[in-house]
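Working through the structure, step by step
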Amino acid sequence: MSQHGVGPRAVTRSVAFLTAGVLAVPALAGCGSDDPSGKPLAGQDIQPAPRDRITDGGTLRWAADSVPDTLNTFQSDADATTTRVAQAVLPSMFRMDASGRPERNPDYLESAKVVDTEPKQVVLYKLNQQAVWSDGREIGAADFAAQWRALSGKDTAYWTARNAGYDRIQKIERGDNALEVRVTFSRPYADWRSLFSPLYPKDVMGTPDSFNDGARKKLKVTAGPFMVKKVDRKDEEIILARNPRWWGEPAKLSEIVLRTVPRDKRAAELAAGNLDLAEIDPSAARRITVAARPQSSGSPLMGPGADRSSPEPASADGSDEEAAGEETAARKTLRKATAANARQQQALSGFEVRKSLEPAYTQLALNGAEGPLTDERVRRAVARALDRKDLARVVLKPLGLPAVPVGSHLALSGQAAYADNSGALGDQDTEEAQALLADAGWVRGGPVKEQQKEKEKAAGPEGGKAGDTGEDDKARRGPDPAGHLAQDGRQHVPAHQGGAPGAYAPKGTAAPANQESAPLAKNGKALTLRFVLPSGPGSQTLRTVADRISRMLERVGITTEISKVSDESYFKDHIASGQYDLALYSWPATAFPATDARPVYAKPVPAADGSLNVEQNYTRVGTDQVDQLFDEAVATLDEDESRSLIRKADSRIWAAAGSIPLFQRPQLLAARKNLVNTGAFGFGTPVYEDMGFLKKGAKPASGPSAKGSTAP
């Protein structure tokens with residue numbers, strides 16, 4: 001999958017990846033006695049094994065996207081590797097379980113609970129008496145207080161990404177003893193479990209200088225099963241070593257090396273023996289799966305053309321002499337490539353693919369700030385034209401993962417706040433989509449003024465309309481691309497070959513000339529939406545999904561113009577700045593939607609300079625009702641009531657049709673077969689001290705996630 005995704009916790013806390021009025025919505029999920037949250041669609045796949053079967057020692061070489069610019073997760077340029085390091089070396093009061101729900105981390109907390117609600121909410125933390133920093137100092141109230149002051153937003157000298165939750169704290173003090181921390185809130189805060197995870201030492205949080213610069217390149221003091229041994233920017237790797245002061249179960253691994261490897265190079269690095277664990281794309285997963293199968297003379301492992309009978313050599317005399325030489329050179333090159341491919345495939349047979357669903361979903365974003373999509377009816381028509389089941393199927397079914405559309409903007413199946421609220425908008429319905437467009441004044445066959453200059457301007461310097469290149473034209477009108485993403489077993493065949501999709505008159509009924517092929521138009525303008533996509537090699541899945549969406553929209557009369565832009569400019573210059581009509585990107589799930597999701601769906605407000613303050617609401621679609629529901633959900637300490645309010649907010653977000661959740665992202669990791677307790681974690685937080693390599697002759701635990709699952 002493309003890595004174009006942004007995360008409420010990653011972006012708002014640590015920055016790693018609508019205009020509806022009063023809307024009638026159906027009965028809201030969560031109002032009945034049955035729990036609508038369900039279970040995770042896919043479990044963890046980590047090859048679990050008891051600790052006594054794991055070798056003591058060894059180095060895990062784990063592919064990373066980068067050596068991060070900072071090791072401070074609360075700064076704006078933190079990324080996914082920042083988070084991975086923090087999980088291994090810093091305290092977290094709560095971590096995520098396999099269902100994406102927060103659970104107390106017993107290595108740091110004996111208990112944490114609300115002990116008072118009047119006149120103020122008070123949370124009492126009782127710390128594990130063995131918990132110490134790597135310099136020997138006990139973890140205590142001074143660390144909690146320093147982090148609160150740094151992240152409260154009161155001192156602008158701290159360069160923080162966001163202050164949600166910490167800005168509600170009134171004071172922090174020691175309890176009855178050094179192991180107790182009392183946190184008093186100025187306003188009730190439902191998501192108090194989101195705080196102090198991770199927790200940095202007061203040495204980092206104590207002053208603006210230490211916060212801004214002290215933890216960017218190194219972390220001297222830590223308190224996890226591992227510690228930061230070295231940040232090597234020249235070799236682009238971070239080395240984590242066992243923490244000798246760790247009081248919990250000792251880490252099985254001696255070291256974890258987080259090595260920067262581009263995603264398109266990871267299969268080769270695995271085969272070369274330079275990696276043990278790597279997140280991979282579907283094409284690499286298929287290669288590893290094929291490598292694990294028994295080989296035969298006709299096996300695809302033999303490389304392109306290897307199974308073909310050799311053609312007769314060209315005559316070596318006269319005018320054929322040059323051609324014969326070229327053919328001989330080509331054969332030699334092919335034999336070398338075939339042999340190299342066979343060696344690489346043999347090396348990949350020592351790996352397996354572990355798969356689950358990432359705690360993130362891909363959505364179609366509709367920019368409601370300008371153009372046709374400012375009209376809610378047009379946005380709803382786009383949504384009603386989509387077959388979300390088909391889009392989930394084309395991405396997930398070839399990987400052997402549950403192809404179920406996401407039913408919520410604010411949680412995923414299995415999480416406490418989840419409920420399928422998509423009924424507030426409705427399922428795919430071509431006739432309803434066409435009726436909405438007609439009601440908005442878009443009709444077929446209306447006069448269309450020449451708009452070439454406008455189209456060129458909209459496409460921008462990096463993009464172009466779908467007809468500008470063969471590839472883009474194919475993505476809009478041609479058959480589905482093959483070879484990059486496995487299909488769902490069916491080939492798209494237009495209902496009427498050569499005719500425009502849509503409603504057709506009964507046989508024998510004459511239709512007005514060119515009426516069905518005419519574009520939808522209004523006030524002299526055709527209904528054309530600019531669909532912006534990243535152009536990088538890791539974005540093929542997004543482009544395939546966009547192709548499907550374009551076909552679905554074409555059936556209701558909406559034309560899309562594909563604009564491919566560089567990965568570097570995709571978010572900054574297009575999504576964040578609003579230079580798009582349609583776009584595909586991902587949001588991660590969060591256990592704390594009242595806090596983390598609010599800036600994603602908050603109603604944009606004018607800033608002092610006249611610009612629009614959208615926070616992270618890149619669709620620019622929001623309502624006062626949704627904002628109010630978020631405010632109520634974060635302020636109640638009744639967990640059932642808070643979940644109900646979140647589900648109501650989600651129903652109204654669906655009804656406003658600013659963004660359409662499509663599918664949960666696949667999570668594919670290549671792992672050495674004897675590597676255990678790691679892989680595709682799904683919702684769960686990794687337990688780094690339990691990762692390791694099986695002892696010789698030992699077997700992993702039995703169970704559904706003990707199998708080395710592979711992509712078909």
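Residues numbered from 1 in each chain as written. Predicted model: local features only at pLDDT ≥ 70, side-chain atom pairs only at ≥ 80, totals over all residues. Heavy atoms only, no water.

1. Some details on the overall build of the chain
Counting secondary structure elements, the chain contains 19 helices and 23 strands. Accessible area of the chain: about 30700 Å², with a carbon and sulfur share of 49%. (Helix = DSSP H or I, 4+ residues; strand = E, 2+ residues; numbered from the N terminus. Areas by Shrake-Rupley, 256 points an atom, 1.4 Å probe, with all protein chains shown as cover.)

2. Some details on unusual backbone geometry
Residues apart from glycine generally show negative phi values, whereas peptide bonds are mostly found in trans. The peptide bond linking Glu118 to Pro119 adopts the cis configuration, its omega dihedral lying at 0 degrees. One non-glycine residue, Glu615, lies in positive phi territory at about 50 degrees. Mapped onto the fold, Glu615 is located in the loop between strand S20 (612-613) and helix H18 (624-635). Backbone geometry places Asn677, a non-glycine residue, at a positive phi of 60 degrees. Note on placement: Asn677 falls in the loop between strand S22 (675-676) and strand S23 (692-693).

3. Section: the pairing of strand S5 (residues 122-127)
Of all six residues in S5, five are buried; the element is thus mostly enclosed. Both strand S4 (residues 109-116) and S5 contribute to a ladder of six bridges, which runs antiparallel. Note that in S5 the partner of Val114 across the bridge is Val123. In sequence, S4 turns back onto S5 through a hairpin of five residues. (Buried < 20%, exposed > 50% of the residue type's maximum accessible area, 1.4 Å probe, protein only. Pairing = 2+ DSSP bridges.)

4. What about the sheet that holds S5?
If you walk across this open sheet you meet the four strands as S4-S5-S7-S6, and the pairing is antiparallel. Both edges of this open sheet fall to S4 and strand S6 (169-174), since each of them pairs with a single strand only. Taking each pair of neighbouring strands and ignoring which way they run, the sheet shows an average axis angle of 15 degrees. (Axes fitted to C-alpha atoms, helices over the stretch in contact; angles between N-to-C directions.)

5. Focus on helix H19 (residues 639-656)
The first and last C-alpha atoms of H19 sit 26 Å apart over 18 residues, in line with the 26 Å expected at 1.5 Å per residue. Most of H19 sits inside the fold, with 13 of its 18 residues counted as buried. Phi turns positive, to about 55 degrees, at Ala657, one or two residues after H19. (Expected span 1.5 Å × (residues − 1).)

6. Focus: the sheet that holds strand S14 (residues 520-522)
With antiparallel pairing, three strands are arranged side by side in an open sheet as S13-S14-S15. Looking at the sheet topology across the chains shown, the edges are occupied by strand S13 (443-444) and strand S15 (525-526). Note that S13 and S14 share two bridges and pair antiparallel. The residue of S14 that forms the bridge with Arg444 is Leu520.

7. Examining the pairing of S6
Sheet analysis places S6 next to strand S7 (residues 180-185), joined by five bridges and oriented antiparallel. Each residue of the ladder has a partner; that of Arg174, found in S7, is Val181. Here S6 folds back onto S7, and the loop between the two strands holds five residues.

8. So, the environment of Ala178
Mapped onto the fold, Ala178 is located in the loop between S6 and S7. Residue Ala178 is classed as partly exposed on the basis of its relative accessible area of 32%. Ala178 sits 51 residues away from Leu127 along the chain, and the two C-alpha atoms are 8.7 Å apart. Setting aside residues up to four positions removed in sequence, Ala178 forms contacts with Glu138 and Gly140. (Contact = heavy atoms within 4.5 Å.)

9. Overview of the pattern of salt bridges
It is possible for side chains bearing opposite charge to pair when their charged atoms get close. Counted under the stated rule, the structure contains 31 salt bridges. Between Lys171 and Glu173 there is a salt bridge, and its shortest N-O distance comes to 3.8 Å. Accessibility expressed as a relative area gives 32% for Glu173, which makes it partly exposed. (Salt bridge = Lys/Arg side-chain N within 4 Å of Asp/Glu carboxyl O.)

10. As for helix H9 (residues 376-385)
With nine of ten residues buried, H9 lies mostly within the body of the structure. Taken residue by residue, H9 has Glu376, Val378, Arg379, Arg380, Ala381, Val382, Ala383, Arg384 and Ala385 as its buried positions. Its buried side turned inward, H9 meets strand S12 (351-366), helix H11 (430-439), strand S16 (528-534), helix H14 (540-555), H19 and strand S21 (659-672). Taking the backbone nitrogen of Arg377 as reference, a side-chain oxygen 2.8 Å away marks Asp375 as the first, capping residue of H9. (Polar contact = N/O pair within 3.5 Å; in protein donor to acceptor, adjacent residues only side chain to side chain.)

11. Some details on the nonpolar core
By size, the foremost hydrophobic cluster in this structure holds 102 residues, and its most contacted members are Met93, Tyr125, Phe196, Leu240 and Tyr601. Ranked by the residues each element gives to this core, the list is headed by helix H3 (residues 141-151), at seven residues. When near neighbours in sequence (up to four residues on either side) are disregarded, Phe196 contacts Pro91, Ser92, Met93, Tyr125, Phe144, Gln147, Tyr166, Ile169, Ile172 and Val183. By size, the runner-up hydrophobic cluster in this structure holds 63 residues, among which are Ile280, Ala291, Leu386 and Leu542. (Core = buried A, V, L, I, M, F, W, Y, C linked by side-chain atoms within 4.5 Å.)

12. Some thoughts on the side chain of Asp79
By the element assignment, Asp79 lies in the loop between strand S1 (59-64) and helix H2 (80-89). Of the buried charged residues, Asp79 lacks a salt bridge, with Arg233 as the closest side chain of opposite charge at 8.4 Å. A polar atom in the side chain of Asp79 sits 3.1 Å from the backbone nitrogen of Thr81. (Lys, Arg positive; Asp, Glu negative; His and termini not counted.)

13. Brief notes about the packing of aromatic side chains
Per the counting criterion, the structure on display carries 20 aromatic pairs. When the centroid spacing of 4.7 Å and the interplanar angle of 45 degrees are considered together, the rings of Phe144 and Phe196 count as tilted. Linking Phe144 in helix H3 with Phe196 in the loop between S7 and helix H4 (202-205), this pair joins segments that are 52 residues apart in sequence. Each member of the pair, Phe144 as well as Phe196, carries the same accessibility label: buried. Judged by centre distance (5.8 Å) and plane angle (75 degrees), the ring pair of Phe571 and Tyr618 falls under edge-to-face. Of this pair, Phe571 sits in helix H15 (residues 567-575) while Tyr618 is found in the loop between S20 and H18, placing the two residues 47 residues apart along the sequence. The residues Phe571 and Tyr618 share a single accessibility class, namely buried. One aromatic cluster in this structure is built from Phe74, Phe94, Tyr125, Phe144, Tyr166, Trp192, Phe196 and Tyr200. One cation-aromatic arrangement involves Arg84 over Trp62; the distance from NZ or CZ to the ring centre is 4.3 Å. (Phe/Tyr/Trp six-rings, centres within 6.5 Å; stacked < 30°, edge-to-face > 60°. Lys NZ or Arg CZ within 6 Å of the ring centre and 35° of its normal.)

14. Some points on the confidence of the model for the chain
Averaged over every residue, the pLDDT of the chain is 84; the share at 70 or more is 80%. Between residues 452-514, whose pLDDT stays under 50, and residues either more than four places distant or in other chains, the model counts 93 contacts. Here residues 706-712 is modelled with pLDDT under 50, and outside its nearest four sequence neighbours on either side it reaches 26 contacts, counting other chains as well. (pLDDT = per-residue confidence, 0-100.)

15. What about the packing of helix H10 (residues 388-396) against H14?
Axis separation between H10 and H14 bottoms out at 10 Å; the angle between their running directions is 155 degrees. Relative to H14, H10 is oriented roughly antiparallel. As H10 packs across H14, the resulting crossing turns out to be right-handed. Between H10, through Asp390, Leu391, Val394 and Val395, and H14, the contact on the second element is made entirely by Thr541, Val545, Arg548, Ile549 and Met552. The residue inventory of the contact of H10 with H14, partitioned by class, reads six nonpolar, one polar and two charged. (Parallel < 35°, antiparallel > 145°, perpendicular 65-115°, else oblique. Left-handed = near helix turned anticlockwise from the far one by under 90°. Nonpolar A, V, L, I, M, F, W, Y, C, P; charged D, E, K, R; others polar.)

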